[in-house]
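Single-letter residue listing:
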Amino acid sequence: MIKVIVLNEIRSALRNKTIVLLSFIFWLLIAVAIFGGFKNYTLSDQNRKQAKAMFRKEWVAQKANPHSAAHFGTYLFKPFSLLSLFDTGLNNYTGTSYRVEAHNQAEMNYAAAQDSDTEMRFGELTMASLLQLFLPLLVIFLCFQSVSRERENHTLKLLYAQGLKPSLLLWGKILGNYLLIAVITILHLY
């Protein structure tokens, strides 16, 4: 019986063009986030490598003893990993470079959040932000429609009159919606 409920739930959700449209928008946003994340990653990595080479060249070119050179100072740069394609983490708030100078303790510099406006509250468009913001809304929309559809069509009383237990109906709807959300989220990985 639960198999019938799950299949009916999936079938009725696929008939609803809103779910299909929202899934397409979600996949499109994921593609844009991957493309933008890769572009930001390559640009940031290239800038970091250029700055690192420049400061290394300045450090080696100094004709002073090591103590005097340490007073002049240099910069260290936080390395990027491929995981920053998924989520940039706190780099926008903590910064990505560190000034090393003798007898002086500095803080991380060049945080992107310092120079931005209120849009930075929501962060960049990354896969992680989409999974945190958009996917829960999709789940709520899908599950709410699942229950409200039964009430609007007046089929709840009919299902209960045929001997269906409310817990079985609930678990069938949960499993059907879970499978739909799993397909929506897993398909973008392939």
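Residues numbered from 1 in each chain as written. Predicted model: local features only at pLDDT ≥ 70, side-chain atom pairs only at ≥ 80, totals over all residues. Heavy atoms only, no water.

Student: How would you explain the overall build of the protein if you had to name every residue and give the values?
Tutor: When helices and strands are tallied, the protein shows 7 helices and 3 strands. When the helices and strands of the protein are placed in sequence order, the string is α-α-α-β-α-β-β-α-α-α. Here the protein holds 190 residues, and 27% of them are scored as buried. Roughly 13300 Å² of accessible area belongs to the protein as shown, and the carbon and sulfur atoms make up 66% of that amount. (Helix = DSSP H or I, 4+ residues; strand = E, 2+ residues; numbered from the N terminus. Buried < 20%, exposed > 50% of the residue type's maximum accessible area, 1.4 Å probe, protein only. Areas by Shrake-Rupley, 256 points an atom, 1.4 Å probe, with all protein chains shown as cover.)

Student: Before we move on, could you go through the pattern of salt bridges and cite the residues and values that matter?
Tutor: The tally for this structure, following the rule as stated, stands at 5 salt bridges. Between K49 and D45 there is a salt bridge, with the nearest N and O atoms lying 3.4 Å from each other. Linking K49 with D45, this pair stays in helix α2 (residues 17-61), spanning 4 residues, or about one helical turn. The residue K173 makes a salt bridge to E150 at a minimum N-O spacing of 3.1 Å. In this pair, K173 sits in helix α7 (residues 166-187) while E150 sits in helix α5 (residues 127-152), placing the two residues 23 residues apart along the sequence. Of the residues examined, E150 reaches a relative accessible area of 10% and is grouped as buried. Several salt bridges converge on common partners, so that one network encompasses E9, R149, E150 and K173. (Salt bridge = Lys/Arg side-chain N within 4 Å of Asp/Glu carboxyl O.)

Student: How would you sum up a nonpolar patch on the surface? Please name residues and give values.
Tutor: Residues L21, F24, I25, L28, V32 and L125 make up a contiguous nonpolar surface patch of roughly 530 Å² in combined accessible area. Its location among the elements puts I25 in helix α2. (Patch = residues over 30% accessible without salt bridge, like charges linked within 9 Å, V, L, I, M, F, W, Y side chains within 5 Å.)

Student: Explain the nonpolar core residue by residue, including any values.
Tutor: Ranked by size, the top nonpolar core spans 14 residues in total, and within it F26, L130, L142 and I181 carry the most contacts. Sorting the residues of this core by element identifies α2, α5 and α7 as the ones contributing at least two each. With 6 residues, the single largest contributor to this core is α5. Those residues in contact with I181 that lie beyond four places of it in its chain are L135, L138, V139 and L142. (Core = buried A, V, L, I, M, F, W, Y, C linked by side-chain atoms within 4.5 Å. Contact = heavy atoms within 4.5 Å.)

Student: Help me get a handle on the environment of M127, residues and values and all.
Tutor: With respect to the secondary-structure elements, M127 resides in helix α5. With 95 residues separating them along the chain, M127 and V32 place their C-alpha atoms 9.2 Å apart.

Student: I'd like a rundown of the environment of K39, residues and numbers included.
Tutor: Relative to the helices and strands, K39 resides in helix α2. Along the chain, K39 and L85 lie 46 residues apart, while their C-alpha atoms are 9.2 Å from each other.

Student: Outline the side chain of N177, listing residues and values.
Tutor: Relative to the helices and strands, N177 is located in helix α7. Aside from chain neighbours lying at most four places away, what touches N177 is E9, L142, C143 and S146.

Student: So what's going on with α2? Residues and values would help.
Tutor: If you check α2, its first and last C-alpha atoms are 65 Å apart, about what 45 residues at 1.5 Å a residue would give, namely 66 Å. Those residues of α2 that fall on the buried side of the exposure criterion are I19, S23, F26, I30, A33, G37, Y41, D45, R48, A51 and F55. Sitting at the head of α2, N16 places a side-chain oxygen 3.1 Å from the backbone nitrogen of T18. (Expected span 1.5 Å × (residues − 1). Polar contact = N/O pair within 3.5 Å; in protein donor to acceptor, adjacent residues only side chain to side chain.)

Student: Lay out unusual backbone geometry in plain terms, naming residues and giving numbers.
Tutor: Even without glycine at this site, H154 takes up a positive phi of about 55°. Turning to its location among the elements, H154 is positioned in the loop between α5 and α6 (156-161).

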